[in-house]
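# Chains, contacts and geometry: an overview
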Protein chains: 2
Amino acid sequence: MTEPRLDVLAIGNAIVDVIADAPESFLEDEGLTKGAMLLVDEEEATRLYDQMGQGIEASGGSAANTAAGVAALGARAGFVGQVAPDQLGEVFTHDIRAKGVEFATEPADFGVSTARCLVLVTPDAHRTMNTYLGASQYLMVEALDEAQIESAAILYLEGYLWDPGAARYAMIKAIDVAHQAGRQVAFTLSDTFCIERHRDGFNALIDGGRVDILFANEAEIQALAAIPNFEQALATVKDKVKILVVTRSEKGAIAIAGDARAEVPAEPVGQVVDTTGAGDLFAAGFLAGQAQGRSLEQSLRMGAICAAEVISHYGARPEADLKALVAARLG
Amino acid sequence: MTEPRLDVLAIGNAIVDVIADAPESFLEDEGLTKGAMLLVDEEEATRLYDQMGQGIEASGGSAANTAAGVAALGARAGFVGQVAPDQLGEVFTHDIRAKGVEFATEPADFGVSTARCLVLVTPDAHRTMNTYLGASQYLMVEALDEAQIESAAILYLEGYLWDPGAARYAMIKAIDVAHQAGRQVAFTLSDTFCIERHRDGFNALIDGGRVDILFANEAEIQALAAIPNFEQALATVKDKVKILVVTRSEKGAIAIAGDARAEVPAEPVGQVVDTTGAGDLFAAGFLAGQAQGRSLEQSLRMGAICAAEVISHYGARPEADLKALVAARLG
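Everything numeric in this text was worked out from a predicted model, so none of it was measured.

Looking only at helices and strands, chain A has 12 helices and 14 strands in total. Against the compact-globule benchmark of 20 Å for 331 residues, chain A has a radius of gyration of 18 Å, which places it among compact chains. Judged by the C-alpha coordinates and their principal axes, chain A covers about 50 × 40 × 40 Å. Counting across all 331 residues of chain A, residues that qualify as buried make up 56%. Nonlocal contacts in chain A, meaning residues at least 24 apart in sequence, comprise 76% of its contacts between residues at least 6 apart.

This next bit is on the interface of chain A and chain B. With 20 residues of chain A in contact, the opposing surface of chain B contributes 20 residues. For the side of chain A that touches chain B, the secondary-structure elements that each account for two or more residues are β4 (56-59) and α4 (87-98) of chain A. The dominant element in the side of chain A that touches chain B, judged by the number of residues it contributes, is α4 of chain A, at six residues. For the side of chain A that touches chain B, a count of residues per class yields seven nonpolar, eight polar and five charged. Here three bridges tie β4 of chain A to strand β4 (residues 56-60) of chain B, and the two strands are oriented antiparallel to one another. Note that in β4 of chain B the partner of A58 of chain A across the bridge is I56 of chain B.

This part covers helix α12 (residues 322-330) of chain B. Residues and elements named next belong to chain B. For α12, every residue scored as buried is listed here: L322, L325 and V326. The buried side chains of α12 occupy one side of the element, clustering within an arc of 95 degrees when seen end-on. Set apart from the buried face of α12 by more than 90 degrees, the exposed residues are A324, A327 and A328. Where α12 is buried, its residues touch α3 (62-72) and α11 (296-310).

Here we come to the sheet that holds strand β12 (residues 243-247) of chain A. The strands making up a sheet associate through backbone hydrogen bonding, with each pair oriented either parallel or antiparallel. Residues and elements named next belong to chain A. With mixed pairing, the nine strands of this open sheet are ordered in space as β6-β5-β1-β9-β10-β11-β12-β13-β14. A strand with exactly one partner marks an edge of an open sheet, and here the two such strands are β6 (102-103) and β14 (260-264). Pairing of strand β11 (residues 213-217) with β12, which is carried by five bridges, proceeds in the parallel orientation. By the bridge assignment for β12, N217 is matched with T247.

A word on the relation of the copies chain A and chain B. Mapping chain A onto chain B calls for a screw motion: a turn of 180 degrees about the axis and a shift of 0.0 Å along it, with 0.0 Å RMSD after fitting. Within this description, the copies of the chain are treated as partners about a two-fold rotation axis. Relative to the rotation axis, the C-alpha of E57 of chain A is the closest in chain A, positioned 2.4 Å from it. A symmetric contact is evident, with 100% of the interface residues of chain A recurring at the interface of chain B.

Time to look at the sheet that holds strand β5 (residues 77-80) of chain B. All names here are of chain B. A sheet is described by the order of its strands in space; here nine strands give the open sequence β6-β5-β1-β9-β10-β11-β12-β13-β14, paired in mixed fashion. Single-partner strands in this sheet number two, and they are β6 (102-103) and β14 (260-264). Its contacts with the sheet put α11 on β13 (253-257) and β14, and the angle it makes with β14 is roughly 30 degrees.

Residue and element names in this part refer to chain B. Close contact between α3 and helix α10 (residues 278-291) brings their axes to 8 Å; oriented N to C, the two are set at 45 degrees. In terms of orientation, α3 lies oblique with respect to α10. Viewed along their axes, α3 and α10 form a crossing whose handedness is right-handed. Packed against α3, whose contacting residues are S62, N65, T66, G69 and V70, the element α10 presents D280, L281, A283, A284, G285, L287 and A288 at the interface. Counted by class, the contact of α3 with α10 contains six nonpolar, five polar and one charged residues.

Moving on, we get to the environment of A135 of chain B. All names here are of chain B. Topologically, A135 is positioned in the loop between β8 (127-132) and α5 (146-150). In this structure A135 comes out as buried when scored by C-beta crowding, with 27 C-beta atoms within 10 Å. Spatially, the C-alpha atom of A135 lies 9.4 Å from that of P85, the residues being 50 residues apart in sequence. In contact with A135, other than residues within four places in its own chain, are Q82, V83, A84, A108, F110, V112, S113, T114 and A115.

Residue and element names in this part refer to chain A. With 16 residues, helix α7 (residues 192-207) should cover 22 Å at 1.5 Å per step; its first-to-last C-alpha distance of 19 Å lies more than 12% under that length. Remark: the principal bend of α7, roughly 85 degrees, maps to H198. Within the sequence span of α7, burial applies to T192, C194, I195, H198, F202 and L205. Buried positions along α7 lie against β3 (37-39), β10 (184-188) and α8 (218-225). Looking one or two residues beyond α7, the residue adopting positive phi is G209, at roughly 75 degrees.

A few words on the nonpolar core. V8, A67 and L155 of chain A together with V8, A67 and L155 of chain B are the most contacted members of the largest nonpolar core, which totals 236 residues. Not counting the four nearest positions on each side in its chain, A67 of chain A is found in contact with V8, A10, A77, G78, F79, I96 and V101 of chain A.

This next bit is on the environment of Q180 of chain B. Within the secondary structure, Q180 of chain B is located in helix α6 (residues 165-180). Distance from Q180 of chain B to A20 of chain B, taken between C-alpha atoms, is 43 Å for residues 160 residues apart in sequence.

Glancing now at unusual backbone geometry. We note that S190 of chain B has phi near 70 degrees; this positive angle belongs to a residue other than glycine. Along the chain, S190 of chain B falls in the loop between β10 (184-188) and α7 (192-207).

Residue and element names in this part refer to chain B. In β5, alternate side chains face the same way, and those of A77 and F79 on one face and G78 and V80 on the other are all buried. In terms of strand pairing, strand β1 (residues 6-11) meets β5 through four bridges, oriented parallel. Within β5, the residue paired with V8 across the bridge is A77. As a crossover connection, the stretch from β5 through helix α4 (residues 87-98) into β6 is right-handed.

Attention now moves to the packing of helix α8 (residues 218-225) of chain B against helix α9 (residues 230-237) of chain B. Residue and element names in this part refer to chain B. Where α8 meets α9, the axes come as close as 9 Å, and the angle between the chain directions of the two elements is 60 degrees. Of the possible angle classes, the one that applies to α8 and α9 is oblique. For α8 against α9, the interelement crossing comes out left-handed. Of the residues in α9, those in contact with E218, I221, Q222, L224 and A225 of α8 are F230, A233, L234, T236 and V237. A class-by-class count of the residues in the contact of α8 with α9 yields seven nonpolar, two polar and one charged.

What counts as what
Residues numbered from 1 in each chain as written. Chains lettered and ligands numbered in written order. Predicted model: local features only at pLDDT ≥ 70, side-chain atom pairs only at ≥ 80, totals over all residues. Helix = DSSP H or I, 4+ residues; strand = E, 2+ residues; numbered from the N terminus. Rg over C-alpha atoms; globule rule 2.2 N^0.38 Å. Buried ≥ 20, exposed ≤ 12 C-beta atoms within 10 Å, placed from the backbone. Contact = placed C-beta atoms within 7 Å. Nonpolar A, V, L, I, M, F, W, Y, C, P; charged D, E, K, R; others polar. Pairing = 2+ DSSP bridges. Arc of directions from axis to C-beta. Least-squares fit on C-alpha atoms with pLDDT ≥ 70 in both. Axes fitted to C-alpha atoms, helices over the stretch in contact; angles between N-to-C directions. Parallel < 35°, antiparallel > 145°, perpendicular 65-115°, else oblique. Left-handed = near helix turned anticlockwise from the far one by under 90°. Expected span 1.5 Å × (residues − 1). Bend = angle between axes of the 7 residues up to and from the residue. Core = buried A, V, L, I, M, F, W, Y, C linked by C-beta atoms within 7 Å. Right-handed = clockwise from strand over helix to strand, strands pointing away.

Dropping the structure here:
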């Protein structure tokens, strides 16, 4: 096995977020479930956008946010995702490269525009997402560079990628390429609604030994196990993966690796402005910690530090110097 | 003269801002003058964008920001400006309408994209702007709706609009339509570099009686008068317009109308994050105050309150409820 050239290669939907404040009543009027990610078609995205207030646009996408965080921590990150040859595609490409992430997927014209996620931030800082997948659903297996996958110590995938059919196949192919090269595969369950859509597929991936490091939050691990009890759900899943990482919002996070178990509290945060990206940046911190050879506990703390930073401002990519933040807290 | 349907109709460049933090060294390396707005072509905009860090996109444009502020204060605002039929044009259109501003200028395909302004925010919160005018320079006189201009109590124009030739002609036409309908014309000098480019043109506009309300900051009024002394510059210009409004950053603002002179201090602001839009929002507050029949001093205070809000966050459009802010401070 050759020395890895990248620490983490993330594959996911390439999305530009359109972020706007919205009152609670907006969610009620639109019949939206707070905290959930809903897939919408272009017509519905346009209709909803017309109803939304003035927004800002910022590059997003769950696994892309994680890649940006890994790079911001000084580790070597790459990203694979499909954009269209349009302005938002240029924005996505610029932003992820500006973070130092290797991004080589060519824009492709499938007659649809770059993916957008309409993010509604309610006064309690929670985000409700409506995603138009656009070009990102056309991530074909042909867009993968096998040599790039083989060169990364960890391949990281988002559960959301299970939604588009083409990307689902590309994801499985990428996992197999990574494992054949002796690399680790990390996977995030993304959200409970995604699990409801794909529980059997996710469990088949995990039961089939295709996932080494699994990321979930409290609700997601229970949804995956279909067990409404946290410790029981943990017990059911933990032996199926090498490392199980579970975040619990203000209650901190847990990692279990075989017989080892580590727990950390949440990091203090001044004002929670927008929770978008909290899970993505937690994963970034944990993975970068693992890449640096840190312990389970130290890796969890890196995740908690990164998550605390990203929820202190609008947008799902880090703004502060994460490397300096971690150095100040952990040394 | 019929009762106006709009309080303020603003005409200006229709621009989407791309905002990114930049160290002081970036300005030095690129030979950029802090605080200035530089016009760049598409090639240079692309080159500079490649050098910039991860950004956020937010609708901007000087007069458009003012229109958004006027509407946020509960007054009736319209905007005229040219976008292209592309994604950033959709973003601009959505955002200004979401603020309640009447915006009816049709997107037009002149083979160029919607205008972008690359805004570099240095750690001292000052912004340095590089504008690619794109579609906004093709604001043709044919895009004007004379009935709309005649229906607005105040026509508001940005000095930046003097840069593109077609828009310059449209601006003069709009002024004449407004004056023939018995309406007021307000004008902002935009920035000192803009004045250097167009001092004769601006002075001809003002000397010709085409400007009723003139907005400037301290440096701009001195640049216009070509007199490096504040009070002397004021004395030279004040009798050429009905109302002269001059902002002085942390020193507050002054308005002179004939023999009347009002001064107010700057409003307190917690942390200055990004000064983009300070002048635009000051103008919004002053104009809305005038529309509400307030005194010079009260109108200045409204301007100061709006400017303080917009510099407390990234982006040049108000985020807080300006109407509530003014009600709390002024009643």
